[in-house]
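Geometric and topological summary
Spelled out, the chains give:
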Amino acid sequence: MTTSTAPGEGRVESVNLAVVRTGEWTMQKGRSGIDKRPVDRSVLLAADGVEGDTICDLEHHGGPDQAVYAYSCDDLAFWTAELGQPLSPGAVGENLTLSGVDCSGAVVGERWQVGAAVLQVRGPRIPCRVFAGFRGVPDLVKRFIAAGRPGAYLAVLQPAAVKVGDTVRVVDRPAHGVTVAHILAARTGERSLLPQVATAREHLGARGRAWLDRTLEVTRT
């Protein structure tokens, strides 16, 4: 069951691809693709990821359920004020920087039309120490979780090239109401949310379903 399409439209403000970086902050991998920078061309969003992007930690990132990472301009503005450092498009490792779209309040399973592409929200970005090291903020993981602004990982249901200026529309939205922010909170300690999160299981990515099943099993024992 789905609700009606959400009102209003968003816009692609930036399409960002990785510049591979090295350094101590990349931890045991020794390299990272978290440093995303805007490009001035159309980029294909495919089922297996974003054309031209690089993912170095395939254990925790990438794959069909994390093919695209989207973050909103409003959330970037929040972190610019919070951290006292300018966060430009791509600054949190997102492929798509969007305006007029609440990426962190997106309902898991809702579908977006981005230009000619169709994407589906699968879950939140889970922050890690590499992210904190990249931004040079030691306690960023804790602050990122507390802020509840994780952005959205998306699967690509209909591949297409996208570019700056493309329209973003919510095509449909599941009625369960579980957002990516709810998932982040449940995964980082708010176990009271588990019954609610369980109603969205079918829309989670494979990693999210595995986490949910393991956690529910533990709570039953």
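Preceding this paragraph is the structure being described.
A short tour of the structure in this document, coming up. Being a predicted model, the structure only gives us computed values, none of them experimental. Sequence positions are assigned chain by chain, starting from 1 and proceeding in written order. pLDDT decides what is reported in this predicted model: residues at 70 or higher carry local features, side-chain atom pairs at 80 or more are listed and counted, and totals for whole chains, interfaces and linings draw on all residues regardless. Side-chain numbers come from the whole structure's heavy atoms, not from hydrogens or water.

1. Concerning the sheet that holds strand 5 (residues 49-50)
Should DSSP find at least two bridges between two strands, the strands are regarded as paired. Secondary structure is summarised from DSSP: a helix means a run of H or I of at least four residues, a strand means a run of E of at least two, and numbering begins at the N terminus for each. Judged by pairing direction, the sheet is antiparallel, and its 3 strands sit side by side in the order 5-4-11 without closing on themselves. Where the open sheet ends on each side, the last strands, each with one partner, are strand 5 and strand 11 (160-162). In the sheet, strand 4 (residues 43-46) pairs with strand 11 via 3 bridges, with the strands oriented antiparallel. Residue pairing across strands places leucine 44 opposite alanine 161, the latter belonging to strand 11.

2. Describing the side chain of glutamate 94
Relative to the assigned elements, glutamate 94 resides in the loop between helix 1 (73-83) and strand 7 (96-99). No salt bridge forms around the buried glutamate 94; measuring N to O, its nearest opposite-charge neighbour arginine 125 is 6.6 Å away. Residues adjacent in sequence count toward polar contacts only when both atoms are side-chain atoms; beyond that, a polar contact is any pair of N or O atoms within 3.5 Å, and within protein one must be able to donate a hydrogen and the other to accept it. Reaching out from glutamate 94, the side chain makes a polar contact with the backbone nitrogen of valine 92 at a distance of 3.2 Å. Of the polar contacts made by the side chain of glutamate 94, one reaches the side chain of threonine 97; its length is 2.7 Å. Discounting chain neighbours no more than four positions away, the residues touching glutamate 94 are Asn16, Lys36, Tyr69, Ala70, Tyr71, Leu76 and Pro89. The buried label applies to any residue whose accessible area, calculated with a 1.4 Å probe on protein chains only, is under 20% of its type's maximum; exposed applies above 50%, and partly exposed to all values in between. Charge assignment in this entry is limited to Lys and Arg as positive and Asp and Glu as negative, and neither His nor the chain termini are counted. Any Lys or Arg side-chain nitrogen found within 4 Å of a carboxyl oxygen on Asp or Glu counts as a salt bridge. Pairs of residues are marked as contacts when any of their non-hydrogen atoms sit within 4.5 Å.

3. As for the environment of phenylalanine 144
Looking at the secondary structure, you find phenylalanine 144 in helix 3 (residues 140-147). Phenylalanine 144 sits 66 residues away from alanine 210 along the chain, and the two C-alpha atoms are 23 Å apart. Setting aside chain neighbours within four positions, we find phenylalanine 144 in contact with Tyr69, Tyr71, Trp79, Arg125, Pro127, Phe131, Arg149, Pro150 and Leu184.

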